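The residues making up each chain are set out below.
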Amino acid sequence: MGNESVRGTTALELALAWSFVGIPLLWGIYGTVANAMKLFQ
Amino acid sequence: MSVVSILDRSRTIARPGFSRWMVPPAALCIHLCIGQAYAFSVFNLPMSRLIGVTKSAPDDWKLTDLGWIFSIAIFFLGASAALFGRWVEEGGPRRAMVASAICFSGGFLVSALGVAWHQLWIVYLGYGVLGGAGLGLGYISPVSTLLKWFPDRPGMATGMAIMGFGGGAMIASPLSVWLMTAFSSPTHVGVAETFVVLGLVYAGFMLVGAAIVRVPPAGWRPAGYVPPVRPKKLVTMRDVYVYQALKTPQFWLIWVVLCMNVTAGIGVLGQASAMSQEMFPGRVTAAAAGGFVGLLSIFNMGGRFFWASISDAIGRKHTYTLFFLLGIVLYALAPWFGAAGNLPLFILCFLVILSMYGGGFATVPAYLRDMFGTRYVGAIHGLLITAWSVAGVLGPVLVNYIRQYQIDSGVPKAQAYNVTMYIMAGLLVVGLIANLLIKAVDDRHHMNPESADDVIGVG
C-alpha cells in the first residue's frame, strides 16, 4: 500500500473483492450440484 | 517506481484501517485458478483427435501420452513448492503470486503453441513444467500471509484459500468445455484457442489477487485478540528455521500424516465413477456415477473449510485423530454396505471420507504453524507438499493394481475393491500412529529472536 491512500477498507471494496471470487465459485458449485442430482434420478 | 519494487514485500505492508477480510479473496483469486489442474482431463479426449477431429487419426496423440501432462504438472507442483518455498516466504506474497500467474498462464500459452504445431513435448514443457511450477508457487504463496492475518483462526483462514483449490475445477471444467465448443468447427477442435483464452483470463484473475494482497505490519494483532498467556502444549510461540524443521521428527510425522490421509482419498477420487458402477451394477448408471463424482468434489471442497475451521476449536492433533479413526471405520464399513446393496450409506461413507481428504490438505498449514511458528511456515509447507506428490502416485496405483489383481484372481467386479478399502484403512492406521506420536518441537530447534529478526524484517 506504499503511497496509496491511508483510508481504511470500505464495505464496497470488501463486497467487490468477495463477489469477484464468490460469483465464479457459486456458478461452479451450481453446475456441479445440478450434475450431482443425476445420482438421485 | 520500478515494477520490481511494487512486488517487494515492503510495498505490501498494510496501512492502518486495512481489513484483513480482503486477504482471503486475494488468496482465492490464486487458488480458484490453479485448482483448474484437477479439471485438466477435459482436454485429454479433444487433444487425442487434433488431426482426426471426429475420431483419432494414426498420427494423433495417444491418451497414455497425454496423461503425462498432468503427472508432470503435479511433479513440478511439488518440486517448485519445495525448492522455492523459502524464496516465496522471504519475498512476500505479491512477488510469488505474480510469478505464479506468469508461470501458470505462460504454461497455457506455450501449450497452445504446442497444440497448434502438434508438438507434444512443447505441451509437456508448457503446462507440465512451467504450469506445474506456477501451481506450486501459487499453492503456497498466500498461506503464511493468511496465518499472520488470522492468528485467532488460522485453520479457518487457510481453509478458505485451500477450499478454492478444490473449487477451481468446478469452474474450469464447464468453462473449458464451453470454450472448446465455441472455438470448434467441423475441421478444428478448438483446444489451442481455449488454452490462449484460459491463459489470459487466469493471468488477469491472479494478478487481481496479487494487487489486493497485503501483509500485516510487524507486531499487528486483530482487534480484541489477546495471545494466550500460557501457550497450549502443541502450539509454539517461537519459530523454527525452514531447513531446521527438516531435522525434527515432527516434520516427518506430519509428512506421514498428510501422505496417508491423501493416499486414502486420492485413489478413490480417481476411481469413484468406475467403482460405483461396478459395485452397484444396474443401479448406478454412467450419468449417475458422474453425479457421484460431482458430489465427492463438493464434499472435498466443503471439507477443506469445515474441518480446518473445526481444527481451530478442537486442535490440529485431535482433528487428524478424528480423520483417521472415522476413516478407518468408514473404509471398513464401505465393503459391507456395498455387499448389502445399501447405496445411500455407501455414498455417505465416501462423502465423509472425501470431506476429510480435503480437510487434511486445509488443516496442515495450521498444524505446521502450531509446530514451527509463522515465520517460515510457507516454506515448510512447500517442503511438506512432497507428501502429496508421493500420495498422488501411491493412491491411484494401490486402487488400480489391487482391483486388477483381484479381478485377475477371479473375484467378481462388485467385490474387487474390498481388499483395497481394507488396505486404505490400514494406511489410515499408520497415519493415526504417526499423528499420536507428534509432540511439541524441542527447544533446541527454535530460532532465537535476534536471528529471526535478521532474516525477515516485517510481517
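Computed from a predicted structure; not experimentally measured. (Residues numbered from 1 in each chain as written. Chains lettered and ligands numbered in written order. Predicted model: local features only at pLDDT ≥ 70, side-chain atom pairs only at ≥ 80, totals over all residues.)

Q: What exactly am I supposed to notice about the overall build of chain A here?
A: Counting its regular elements, chain A contains one helix and zero strands. Taken across its 41 residues, chain A has 15% of its residues classed as buried. (Helix = DSSP H or I, 4+ residues; strand = E, 2+ residues; numbered from the N terminus. Buried ≥ 20, exposed ≤ 12 C-beta atoms within 10 Å, placed from the backbone.)

Q: Got a minute to help me understand the nonpolar core in this structure?
A: Generally speaking, nonpolar side chains in soluble globular proteins are found buried as a group. All names here are of chain B. Residues Ile380 and Leu428 are the most contacted members of the largest nonpolar core, which totals 152 residues. In terms of residue count, the dominant contributor to this core is helix H14 (residues 343-372) (16 residues). Taken together, domain 1 (16-212) and domain 2 (242-441) each give at least three residues to this core, which thus spans both. (Core = buried A, V, L, I, M, F, W, Y, C linked by C-beta atoms within 7 Å. Domains from an automatic or database assignment.)

Q: Help me understand the interface of chain A and chain B, please; the structure alone is not making it clear to me.
A: It is common to report an interface's size as the accessible area lost on association of the parts. Contact residues are listed per partner, giving 25 residues for chain A and 30 residues for chain B. Counted by class, the side of chain A that touches chain B contains 15 nonpolar, seven polar and three charged residues. (Contact = placed C-beta atoms within 7 Å. Nonpolar A, V, L, I, M, F, W, Y, C, P; charged D, E, K, R; others polar.)

Q: Can you help me understand the domain arrangement of chain B in this one?
A: All names here are of chain B. Per the domain assignment, the segments making up chain B are domain 1 (16-212) and domain 2 (242-441). Its C-alpha centre places domain 1 at a distance of 23 Å from the equivalent point of domain 2. Domain 1 puts 31 residues into the contact, and the matching count from domain 2 is 30 residues. Broken down by secondary-structure element, the contributors of at least two residues to the side of domain 1 that touches domain 2 are helix H4 (63-91), helix H6 (120-140), helix H7 (143-149) and helix H8 (154-183). The element contributing the most residues to the side of domain 1 that touches domain 2 is H8, with twelve residues. Residues belonging to the side of domain 1 that touches domain 2 are distributed by class as follows: 18 nonpolar, nine polar and four charged.

Q: Explain the UniProt feature "transmembrane region" (unreviewed entry) in chain A here, please?
A: Sites flagged by UniProt as "transmembrane region" (unreviewed entry) map to residues 15-37 of chain A. Across residues 15-37 of chain A, helical content stands at 96% and strand content at 0%; the span's end C-alpha atoms are separated by 31 Å. (UniProt positions renumbered as here; feature names shortened; annotations may be inferred.)

Q: Explanation requested: unusual backbone geometry in the structure shown.
A: Note on backbone geometry: most residues besides glycine have negative phi, and most peptide bonds are trans. All names here are of chain B. Residues other than glycine seldom take positive phi values, yet Val53 does so here, at roughly 65°. Classification of Val53 as partly exposed rests on a count of 16 C-beta atoms within 10 Å. For His118, which is not a glycine, the phi torsion comes out positive at approximately 55°. Take His118: it is sitting in the loop between helix H5 (93-116) and H6.

Q: Is there a simple way to think about the environment of Ser173 of chain B in this case?
A: Residue and element names in this part refer to chain B. Within the secondary structure layout, Ser173 lies in helix H8. Judged by local crowding, Ser173 falls into the buried class, with 22 C-beta atoms found within 10 Å. Each C-alpha atom, one on Ser173 and one on Ser184, is 16 Å from the other, the two residues being eleven residues apart in sequence. Look past the residues within four positions of Ser173 in its chain and what remains in contact with it is Ala39 and Val42.

Q: Even after reading the chapter, I still don't get the environment of Trp117 of chain B, so can you show me in this structure?
A: Residues and elements named next belong to chain B. On the secondary structure map, Trp117 appears in the loop between H5 and H6. Using a count of 11 C-beta atoms within 10 Å as the deciding quantity, one classes Trp117 as exposed. The spacing of Trp117 and Ala192 is 75 residues in sequence and 9.6 Å in space, taken between C-alpha atoms.

Q: Whenever I open this one, helix H15 (residues 377-384) of chain B confuses me. Can you help?
A: One turn of the α-helix equals 3.6 residues, which is why residues spaced by three or four share an orientation. H15 of chain B sits mainly inside the fold: eight of its eight residues count as buried. Of the positions making up H15 of chain B, those classed as buried are Val377, Gly378, Ala379, Ile380, His381, Gly382, Leu383 and Leu384 of chain B.

Q: Before we go on, may I ask you to explain the packing of helix H2 (residues 23-34) of chain B against helix H9 (residues 191-212) of chain B in this structure?
A: Packed helix pairs are specified by the crossing angle of their axes together with the interaxial distance, meaning the distance between the axes. Residues and elements named next belong to chain B. Two elements in contact, H2 and H9, have axes separated by 7 Å at closest approach and are oriented at 155°. Classified by the angle their axes make, H2 and H9 are roughly antiparallel. Seen along the crossing, H2 lies across H9 with a hand that is left-handed. Residue-level contacts link Pro25, Ala26, Ala27, Cys29, Ile30 and Cys33 of H2 to Tyr202, Phe205, Met206, Val208, Gly209 and Ile212 of H9. (Axes fitted to C-alpha atoms, helices over the stretch in contact; angles between N-to-C directions. Parallel < 35°, antiparallel > 145°, perpendicular 65-115°, else oblique. Left-handed = near helix turned anticlockwise from the far one by under 90°.)

Q: Explain the confidence of the model for chain A to me, please; I cannot follow it from the model alone.
A: For residues with low pLDDT, the predicted coordinates do not support detailed interpretation. Scored by pLDDT, chain A comes out at a mean of 84, with 85% of its residues at no less than 70. Confidence drops under a pLDDT of 50 for residues 1-5 of chain A, and excluding neighbours within four residues, the segment shows six contacts in the predicted structure. (pLDDT = per-residue confidence, 0-100.)

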